[in-house]
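# Residue-level structure breakdown
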Amino acid sequence: MREVRLFVDIPLAPDADLPLPRDAAQHALRVLRLKTGDPVILFNGDGRQYPARLVTADPRAASVHVETVEAPACESPLRVTLIQSLARGEKMDWIIQKATELGATRILPVTTGRSEVRLDGTRSEKRLDRWRSVAIAACEQCGRNVVPEIGAPEPLEACLAAHPQASAEVRWMLHPGGTARLRNSGPMATDVMLAVGPEGGFGDNDLAVLCQAGFDALALGP
């Protein structure tokens, strides 16, 4: 039987009987068609997972019995922060999904000089909620038990000012004219901040701001 994983934003503990939050219950029963007695793995972002079993299969009052707790080593030792310029349409959802599946620790959406997407306060909050849902779904699918932090969209300069370079952090910005190459980077650091531009690439002002913040221009190949 396939492994069913559900994110629940509640405290979890072994040998506990718990009600499932409404969204998780509806997904489990109406989408996944789970029945009473079916196994499910719960996680809440604390880095562990909790094998459980469905006790009550009522969409209005579903409950589970948590059987035990496990701490699998499924997080990358490489802590990657992705600074991602806003992309159009569903591309940003796809980027959030794949970055989560690839193990990103933190994703910081930004606007840059050539960004074609601009979000006001209300749209920004709705989009942020959407991205968090995408990240949670990606964790459910790929087996991660830690949901990456996703920041609210902000200008590149503000983002860099809020996240000064740590002493052991390596910073790269993707740029086709970059001279840095991964194969020549030496021993891999444990903390990396990677900046990726919009469809049209970083503009000159963006590149200057990134350089001043300690970013080296990285090209992935010819």
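Residues numbered from 1 in each chain as written. Predicted model: local features only at pLDDT ≥ 70, side-chain atom pairs only at ≥ 80, totals over all residues. Heavy atoms only, no water.

### Regarding the sheet that holds strand E1 (residues 5-7)
What links the strands of a sheet is backbone hydrogen bonding, and the strands pair in either a parallel or an antiparallel sense. This is how it is decided: Pairing between two strands is assigned when DSSP locates at least 2 bridges connecting them. We count a stretch as a helix when DSSP gives it H or I for four or more residues in a row; a strand needs E for two or more, and each element gets its number in order from the N terminus. Whenever a helix is involved, its axis is fitted only over the stretch in contact; in every case the axis is a line through C-alpha atoms, and angles between N-to-C directions fall within 0 to 180 degrees. By definition in these notes, contact holds between two residues if any of their heavy atoms fall within 4.5 Å.
Spatial strand order, E1-E3-E4-E5-E2: five strands in an open sheet with mixed pairing. Edge positions in the open sheet fall to E1 and strand E2 (16-19), since each of these has one partner strand only. Neighbouring strand axes in the sheet, compared pairwise and without regard to direction, differ in orientation by 40° on average. Here helix H3 (residues 121-142) sits on the sheet and contacts E1 and strand E3 (39-43); the angle it forms with E1, its principal contact strand, is near 155°.

### Section: the pattern of salt bridges
Side-chain pairing between opposite charges can occur once the charged atoms of the two side chains come close. We count it as follows: What counts as a salt bridge is simple: a side-chain nitrogen of Lys or Arg found within 4 Å of a carboxyl oxygen of Asp or Glu. The classification of residues rests on relative accessible area computed with a 1.4 Å probe and restricted to protein chains. Under 20% of the type maximum is buried, over 50% is exposed, and intermediate values are partly exposed.
Taken as a whole, this structure holds nine salt bridges when the rule is applied. In this structure, Glu199 and Arg88 form a salt bridge, with 3.6 Å as the shortest nitrogen-oxygen distance. Highlighted residues: Glu199 in the loop between strand E11 (191-196) and helix H5 (204-212) and Arg88 in the loop between strand E6 (79-85) and helix H2 (91-101), separated in sequence by 111 residues. Given a relative accessible area of 39%, Arg88 falls into the partly exposed group.

### Examining the pairing of E6
What counts, and what does not: When the strands point away from the viewer, a crossover counts as right-handed if the route from the first strand across the helix to the second turns clockwise.
Within E6, six of the seven residues are buried, which leaves the element mostly enclosed by the surrounding structure. As judged from the six bridges shared by E6 and E11, these two strands associate in the parallel manner. Across the sheet, the residue bridging to Arg79 is Asp191, located in E11. In the sheet, E6 pairs with strand E7 (residues 106-111) via five bridges, with the strands oriented parallel. Across the sheet, residue Thr81 finds its bridge partner in E7, namely Arg106. Chirality of the crossover, the property in question, places the unit of E6, H2 and E7 among those that are right-handed.

### Side note on the layout of surface pockets
Rule in force here: Using a 1 Å grid laid over the protein atoms alone, points where a 1.4 Å probe fits but cannot get out form a cavity; open sets with protein on both sides within 12 Å along at least 5 of 7 lines form a pocket; any residue with an atom within 4 Å of a point counts as lining. Grid points are joined across faces, edges and corners, and a volume is the space filled by probe spheres set on the points.
Here the largest pocket is characterised by a volume of approximately 520 Å³. In terms of lining, the largest pocket is formed by 21 residues, of which the most central are Val80, Leu82, Leu102, Leu194 and Val196. Among the secondary structure elements, those contributing two or more residues to the lining of the largest pocket are E6, H2, strand E10 (169-174) and E11. With four residues, H2 is the largest single contributor of residues to the lining of the largest pocket. Taken as a whole, the second largest pocket spans an internal volume of roughly 380 Å³. Contributing to the lining of the second largest pocket are 14 residues, with Phe7, Asp23, Ser133, Ile136 and Glu140 lying nearest its centre. Elements that contribute at least two residues to the lining of the second largest pocket include exactly E1, helix H1 (22-31) and H3.

Function cannot be read off these values alone, since they describe shape.
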